[in-house]
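# Structural features, examined
What follows is each chain in one-letter form.
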Amino acid sequence: MAPAATATPPALNIGQIDDIQELRKAKPMIVPDRYVRGMDERPTLAPISSSMNVPIIDVSKLVHGTQEQSQQELENLEAACANWGFFQVVNHGIDAALLESIQKVAMEFFNLPLEEKEKYPMPPGGIQGYGHAFVFEEEQKLDWCNMLALGVEPPFIRMPKLWPTNPANFTETLDLYSKHIRVLCQTLLSFISKGLGLKPDMFHEMFGTCVQAVRMNYYPPCARPDLVLGLSPHSDGSSLTVLQQDTNSVGLQIFKDNTWVPVQPIPNALVINLGDTMEVLTNGKYKSIEHRAVTNKDVDRLSIVTFYAPRYDLELGPLPELVDETHPPMYRRYNHGEYSRHYVTNKLKGKKSLDYCKIQTVVSS
Ligand code: OGA
Ligand code: NI
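In short, a report on the structure. (Residues numbered from 1 in each chain as written. Chains lettered and ligands numbered in written order. Predicted model: local features only at pLDDT ≥ 70, side-chain atom pairs only at ≥ 80, totals over all residues. Heavy atoms only, no water.)

Once that is clear, we can look at the nonpolar core. Ile 192 and Phe 203 are the most contacted members of the largest nonpolar core, which totals 82 residues. Ranked by residues supplied to this core, first place goes to helix α6 (residues 170-195) with ten residues. Not counting chain neighbours up to four residues away, the residues in contact with Phe 203 comprise Leu 189, Ile 192, Ser 193, Leu 196, Met 278, Leu 281 and Leu 319. (Core = buried A, V, L, I, M, F, W, Y, C linked by side-chain atoms within 4.5 Å. Buried < 20%, exposed > 50% of the residue type's maximum accessible area, 1.4 Å probe, protein only. Helix = DSSP H or I, 4+ residues; strand = E, 2+ residues; numbered from the N terminus. Contact = heavy atoms within 4.5 Å.)

Below is the structure:
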C-alpha cells in the first residue's frame, strides 16, 4: 500500500461485498465464490523448512553497541536489505506495553458490532476507513481480510471522521504508537543510508515531512485457508513498512528464491520491509519484496502495518551515487505523489506497481 490518502475515489462498480467477520459468525463453513482463488493463486500451506528465516536485527547494537558491535550489526542490516528486503527488529526501543495497547485497541475496534464499524466506511476505490481497499472490478477476487486504514501524518492526509471514537483511547494510542514508529523508521533509514555509504541523514533530508499511514488488517479464521488469500501478493509503495503481528498465528509470507517463506512471529519484534521507493532510490540494489498473507482454519490474526513514505511533492529516481556504467539507471525519475496515486488506484498485483517507473530495456537482436 502507498499512503496517498488524498486520492479521489473514482466511480466504481465493485459489487456487493459481505463483511467476512459477520459471515464467519453466521455461517462458519461458507467461503463465497468471490473469495475462492483460481488454481494459480491458491496458497501452499505446507510447513516450510525453518532454515529459511527472515534475518533479525538488534537495533540496540546499532545504536548503543560498541563500535565493533555496531559495525557488525550494520553489516547484518546491509545483508538483510540486499538479500531479503525483509527483516525483524528486536530491542527497538518501543515499549512492549505500547505494542500491546495498540493491539488491544485494534481488536476492540474489530470486535465491535458491524453497525458501529460502518460509521467509518471506506468508500469504493478509497483507501481510508473500514472496508476493502484495492477493489476496482465487479469480478475481482477479494481478500479474506477486514481493514481499517488511516492517514496519520502530515495533518492534511488525516480524516478525523474516520478515526474510531470507540474504543475511547483509540486516537491517543494510535498517535503515541505512530510517534514511536516514526522515530524507529528514521533510525533505520539513517543506518540503511550509512550502510549504503551515504550520509546518514540523507533520506531524512530528502523525504522531508514524511507521509505516514497505518492499516490494521484483521483476518478471521477461514474454513478453507487453502482456497483463499488474506491479502493478495504485492510489494509496498512505502519507503519502509513496519508490521506488528500476533504471536499466536502465522500468516505473512514473503516471496524469496521462488518460494513463499513464512515470517515466524517473535514476541515484541517488528517486521520491517523495504518498499518500492527504496528499490528505486537504490537503483535495484535493494528490492521491495513481494509478500502476501494467508489465513488460518481455527485462529484469527491481526496485523498493524505502518507505511512510511516521502513527502508527496518529492521528485525521485535512482540516487546518482548508485548509478554508474555497470549500473545504469533502472527506473525513471518521477513525482512521488503521482506514483502513490498510481499505486492506490490499481489492484494489488505482485510487483506490478513498479512498472510505473521501470525503464524497459529493449534487447536488440
Ligand atoms: C500490508 C501487508 C501483511 C500482513 O498490509 O501491506 O503486507 O501480514 N500485510 O498483514
Ligand atoms: Ni504489504
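Right, let's talk about the site of ligand 1 for a bit. Every one of the 14 residues lining ligand 1 counts as a neighbour, but Arg 215, Tyr 219, His 291, Arg 301 and Ser 303 are closest to it. One of the side-chain N or O atoms of Arg 215 is found 2.8 Å from an oxygen atom in ligand 1. Side-chain polar atom of Tyr 219 to an oxygen atom of ligand 1: 2.6 Å apart, as the coordinates give it. Protein chains shield 99% of the accessible area of ligand 1, which is 290 Å² for the free molecule. Under a 2 Å grid-point criterion requiring more than half of the atoms, the pocket assigned to ligand 1 is the largest cavity. Per-element tally for the shell around ligand 1: the top contributor is strand β12 (residues 301-309), with four residues. (Near = heavy atom within 4 Å. Polar contact = N/O pair within 3.5 Å; in protein donor to acceptor, adjacent residues only side chain to side chain. Areas by Shrake-Rupley, 256 points an atom, 1.4 Å probe, with all protein chains shown as cover. 1 Å grid on protein atoms, 1.4 Å probe; cavity = no way out; pocket = protein on both sides within 12 Å on 5 of 7 lines; lining within 4 Å. Sits in = over half its atoms within 2 Å of the grid points.)

Right, let's get into empty space enclosed by the protein. This structure, assessed with the given rule, holds two cavities of 30 Å³ or more. Volume-wise, the largest cavity comes out at about 150 Å³. Listed by contribution, the elements that provide at least two residues to the lining of the largest cavity are β5 (211-219), β6 (231-234), β7 (240-245), β10 (270-274), β11 (291-293) and β12. The calculated volume of the second largest cavity comes to roughly 50 Å³. For the second largest cavity, the full set of lining residues is Gln 186, Leu 189, Ser 190, Pro 200, Asp 201, Phe 203, His 204, Phe 207, Cys 210 and Tyr 308. (Points joined across faces, edges and corners; volume = space filled by probe spheres on them.)

This next bit is on the coordination of the nickel ion (ligand 2). Looking at the metal site, the nickel ion (ligand 2) is ligated by His 234 (NE2), Asp 236 (OD) and His 291 (NE2), spaced 2.1 to 2.2 Å from it. Read N to C, the donor residues that coordinate the nickel ion (ligand 2) are spaced as H-x1-D-x54-H. Here Asp 236, found in the loop between β6 and β7, pairs with His 291, found in strand β11; they are 55 residues apart in sequence, far enough to count as distant. Assessed through its relative accessible area of 2%, Asp 236 is described here as buried. Overall, the relative accessible area of 6% leaves His 291 in the buried class. (Donors = N, O, S within 2.8 Å, 3.2 Å for Na, K, Ca; no water.)

Okay, the packing of helix α3 (residues 67-83) against α6 next. Relative orientation of the contacting elements α3 and α6 amounts to 90 degrees, with a least axis distance of 9 Å. Accordingly, the angle class assigned to the pair α3 and α6 is roughly perpendicular. Contacts between α3 and α6 involve Leu 74, Leu 77, Glu 78 and Cys 81 on the former and, on the latter, Phe 191, Ile 192, Lys 194 and Gly 195. Taken together, the residues that form the contact of α3 with α6 break down as five nonpolar, one polar and two charged. (Axes fitted to C-alpha atoms, helices over the stretch in contact; angles between N-to-C directions. Parallel < 35°, antiparallel > 145°, perpendicular 65-115°, else oblique. Nonpolar A, V, L, I, M, F, W, Y, C, P; charged D, E, K, R; others polar.)

The antiparallel open sheet is built from four strands, whose spatial order is β6-β11-β8-β9. One side of each edge strand has no neighbouring strand; the edge strands of this open sheet are β6 and β9 (259-262). Taking each pair of neighbouring strands and ignoring which way they run, the sheet shows an average axis angle of 25 degrees. Strand direction decides the pairing type here: strand β8 (residues 252-256) and β9, joined by four bridges, are antiparallel. Looking at β9, one finds that Gln 253 is bridged to Pro 262. (Pairing = 2+ DSSP bridges.)

Here the focus is unusual backbone geometry. Note: most peptide bonds trans; most residues except glycine with negative phi. Put simply, Glu 153 and Pro 154 share a cis peptide bond, and its omega is -5 degrees. With respect to the secondary-structure elements, Pro 154 resides in the loop between β4 (146-153) and α6. Going from Asn 166 to Pro 167, the amide bond is cis rather than trans, its omega being 5 degrees. Within the chain, Asp 257 stands out as a residue other than glycine whose phi angle is a positive 45 degrees. The residue Asp 257 is located in the loop between β8 and β9 in this model.

Moving on: the environment of Thr 171. Take Thr 171: it is sitting in helix α6. Sequence spacing of Thr 171 and His 234 is 63 residues, and the spatial spacing of their C-alpha atoms is 28 Å. For Thr 171, the contacting residues outside a window of four places in its chain are Arg 158, Trp 163 and Pro 164.

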